[in-house]
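Spelled out, the chains give:
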Amino acid sequence: MRFLMKVSIPVEAGNKLVREGTLGKTIGRVLSELKPEAAYFTTDGGKRTGFIVADIKDPYQMPSIAEPWFLAFDAGVEFHPAMTPEDLQKAGPDLASAVKTYG
């Protein structure tokens, strides 16, 4: 199943890695292990933040995906199930059924 992950790196932890020259290299290593469909980086709430699209086949994989971010960056990690436009189109009959039942 496709998930949108949000990874938030606290300012102090990120600054330390920037000063050491290891922030980019460490992010690259974590991403190379995860092999995401896409990864984008920006700021959110004043923190260095990554939005990562990854295929997670089983829920038991979530801890092993999150741990590198926790350990290397003291990061907060969120997992959000995500759909493509095609996935949403497949949901059409279920949406129609919900409308009939709940109005």
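Located above this text is the structure these notes cover.
How each quantity is defined
Residues numbered from 1 in each chain as written. Predicted model: local features only at pLDDT ≥ 70, side-chain atom pairs only at ≥ 80, totals over all residues. Heavy atoms only, no water. Pairing = 2+ DSSP bridges. Helix = DSSP H or I, 4+ residues; strand = E, 2+ residues; numbered from the N terminus. Salt bridge = Lys/Arg side-chain N within 4 Å of Asp/Glu carboxyl O. Buried < 20%, exposed > 50% of the residue type's maximum accessible area, 1.4 Å probe, protein only.

Undergrad: What is the right way to look at the pairing of strand 2 (residues 38-44) in this model?
TA: Two faces make up the sheet, and in a regular strand the side chains alternate between them. By the bridge criterion, seven bridges tie strand 2 to strand 3 (residues 47-55) in an arrangement that is antiparallel. In the sheet register, phenylalanine 41 faces strand 3, and the bridge partner there is glycine 50. From the end of strand 2 to the start of strand 3, which pair antiparallel, there are two residues, and glycine 45 there has a positive phi angle of about 60 degrees.

Undergrad: So what exactly am I meant to see when it comes to the environment of glutamate 86 here?
TA: Among the secondary structure elements, glutamate 86 is positioned in helix 4 (residues 85-90). Here the alpha-carbon distance between glutamate 86 and glutamate 12, two residues 74 residues apart in the chain, equals 40 Å.

Undergrad: I'm lost on the pattern of salt bridges in this one. Help?
TA: Where charged atoms of side chains with opposite charge meet at close range, the side chains can pair. Under the defined criterion, the tally for this structure stands at five salt bridges. Across the pair glutamate 37 and arginine 2 runs a salt bridge whose closest N-O atoms are separated by 3.0 Å. One end of the pair, glutamate 37, is in the loop between helix 2 (23-34) and strand 2; the other, arginine 2, is in strand 1 (residues 2-9), and 35 residues separate them in sequence. On the basis of relative accessible area, arginine 2 is assigned to the partly exposed category, the value being 25%. Salt-bridge contacts for aspartate 44 lead to lysine 6; the nearest nitrogen and oxygen are separated by 2.6 Å. Taken together, the positions of aspartate 44 in strand 2 and lysine 6 in strand 1 put the pair 38 residues apart, joining distant regions of the chain. The exposure class of lysine 6 is buried, given its relative accessible area of 18%. The network of salt bridges with shared partners includes Arg2, Glu37 and Asp87.

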